[in-house]
Each structure stands twice: as structure tokens, then as C-alpha cells.
Amino acid sequence: MAACSPNPNLQGKGTDYLQGEWQQDSIPMQKQLLNYSLYRFKINCDSVYIEQSEYSKVNPGADSCMAGGHWKEYIRGTYSQSHDTLDIKGNFCNADYSLKKQAGCFRSGPYEEIFTVSKKTDSLVQFLSTSNVIPINLHLTKRTTCSPKPL
């Protein structure tokens, strides 16, 4: 009888074409919108790090937090892709991607978002959120390759 051994505790490989750093520079009609977000994604193997720059012409909260209508939120998590569906599960974090306590400014706790992904070219992808009608058009700023790390 052959003996079994468990798989090594390694990070998942993720999706090859998404490996790297992606940035959204603008959205259609952003000057006319009261609120919008611009994204930066860093994807390494099955891990994702998101920087979400928020812009608002109205004051949605404490001005010391919202810095006159521009602030950033950070998310760290993992993703999986099945066909054209990208599922991201993670947590809101501090700017250094350390886990954020449930106090202070901005959102904290779990983050989950599902996107429909379409690959336009090798350096351009579009994410369509199930919770927002504005497409996220991302261009590749740095290509990386996955080297799974121990968990």
C-alpha cells in the first residue's frame, strides 16, 4: 500500500495573466461625479493588495479623516478566478497592510467583492463589480511571476 503525504502548506499560484501591479488612472465622467474611487491592485500568486483612493465632493464623515474629500483605504486578501468571475476575500487594513482594528476612521473588518473580469490585452483588464456600475479599467504597470511562499 502506498503511503499518502499532505500537500505542502504553500500559497496558491493564482492566475498567470493577473500577476503584477495594475492601476486605474481615471473613470468616465469623473469630474461630474460626486463620489468615485480609483484602484491600484498588486497581485502576487493568489494574494491581492488593493489601494482604493476615494474622492468625494460632499463631506461623508469627519473632515479629519476624509482630508477634504480625498482619502485612501487598503485591503489585503486572496482571490480565486473561475471563468470570468474573480472572487476577492480579505480585510480592510492599514497603509502597511497590517490588520486594522475596528476603531477610528474608515471601514474595517471583512471585505468581499465579486468582479466579472474581461482581459482586453496583455496589459489591460476590466473588472465589473457586482455592487457598482462603474467599470474598473486597469493597466499593467509592472509584470511579476508567482513564486509560492510557505503559509
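Residues numbered from 1 in each chain as written. Predicted model: local features only at pLDDT ≥ 70, side-chain atom pairs only at ≥ 80, totals over all residues. Heavy atoms only, no water.

Peer 1: Describe the environment of Leu 34, listing the residues and the values that go with them.
Peer 2: Relative to the elements of secondary structure, Leu 34 occurs in the loop between β1 (20-23) and β2 (35-44). Excluding residues within four positions of it along the chain, Leu 34 makes contact with Tyr 55, Ser 56, Lys 57 and Val 58. (Helix = DSSP H or I, 4+ residues; strand = E, 2+ residues; numbered from the N terminus. Contact = heavy atoms within 4.5 Å.)

Peer 1: Go over the pairing of strand β5 (residues 85-93), please, and point to the residues and values.
Peer 2: Note: strand β4 (residues 70-82) against β5, nine bridges, orientation antiparallel. Counted as the bridge partner of Ser 80 is Asp 87 from β5. Linking β4 to β5, which pair antiparallel, is a turn of two residues; within it His 83 sits at a positive phi near 55°. Bridge count between β5 and strand β6 (residues 110-121): seven bridges; the pairing is antiparallel. Counterpart to Lys 89 in the pairing with β6 is Glu 112. (Pairing = 2+ DSSP bridges.)

Peer 1: Can you break down the sheet that holds strand β3 (residues 47-56) residue by residue, with the values?
Peer 2: Taken in spatial order, the eight strands of this closed barrel run β1-β2-β3-β4-β5-β6-β7-β8, and their pairing is antiparallel. When the angles between neighbouring strand axes are averaged without regard to direction, this sheet yields 35°. Where β1 and strand β8 (residues 136-143) come together, four bridges link them in antiparallel fashion. Looking at the pairing, Gln 23 lines up with His 139 of β8. (Axes fitted to C-alpha atoms, helices over the stretch in contact; angles between N-to-C directions.)

Peer 1: Please set out unusual backbone geometry residue by residue, giving values where relevant.
Peer 2: Across residues other than glycine, the phi torsion is negative in most instances, and most of the peptide bonds are trans. For Cys 45, which is not a glycine, the phi torsion comes out positive at approximately 60°. Within the secondary structure, Cys 45 is located in the loop between β2 and β3. Taking relative accessible area as the criterion, Cys 45 reaches 0% and is therefore assigned buried. The backbone phi angle of Tyr 97 is positive, close to 65°, even though this residue is not glycine. Given the relative accessible area of 18%, Tyr 97 is considered buried. (Buried < 20%, exposed > 50% of the residue type's maximum accessible area, 1.4 Å probe, protein only.)

Peer 1: Residue-level account of the nonpolar core, with values.
Peer 2: One finds Phe 41, Ile 50, Leu 86, Ile 88, Phe 127 and Leu 138 to be the most contacted residues of the largest nonpolar core, which totals 20 residues. Of all elements in the fold, only β2, β3, β4, β5, β6, β7 (124-129) and β8 reach the threshold of two or more residues within this core. Ignoring any residue separated from it by four or fewer positions in sequence, one finds Phe 41 in contact with Gly 20, Glu 21, Trp 22, Val 48, Tyr 49, Ile 50, Ile 88, Phe 127 and Leu 138. (Core = buried A, V, L, I, M, F, W, Y, C linked by side-chain atoms within 4.5 Å.)

Peer 1: Talk me through the side chain of Lys 100; I want residue IDs and the actual numbers.
Peer 2: Assignment of secondary structure puts Lys 100 in the loop between β5 and β6. Among the polar contacts listed, one links the side chain of Lys 100 to the backbone oxygen of Arg 107, at a separation of 3.2 Å. Once residues within four sequence positions are removed from consideration, Lys 100 is found in contact with Phe 92, Cys 93, Asn 94, Cys 105, Phe 106, Arg 107 and Ser 108. (Polar contact = N/O pair within 3.5 Å; in protein donor to acceptor, adjacent residues only side chain to side chain.)

Peer 1: Explain the pattern of salt bridges to me, and be specific about the residues and the numbers.
Peer 2: Under the defined criterion, the tally for this structure stands at five salt bridges. Among the ionic pairs, Lys 72 bridges to Glu 51, the shortest N-O distance being 3.2 Å. With a gap of 21 residues between them, Lys 72 in strand β4 and Glu 51 in strand β3 connect regions that are remote in the sequence. A relative accessible area of 35% places Lys 72 in the partly exposed class. Residue classification places Glu 51 among the buried positions, given a relative accessible area of 17%. Here the residues in one salt-bridge network are Glu 54, Glu 73 and Arg 107, joined through shared partners. (Salt bridge = Lys/Arg side-chain N within 4 Å of Asp/Glu carboxyl O.)

Such coordinate-based values are descriptive only and should not be taken to indicate function.
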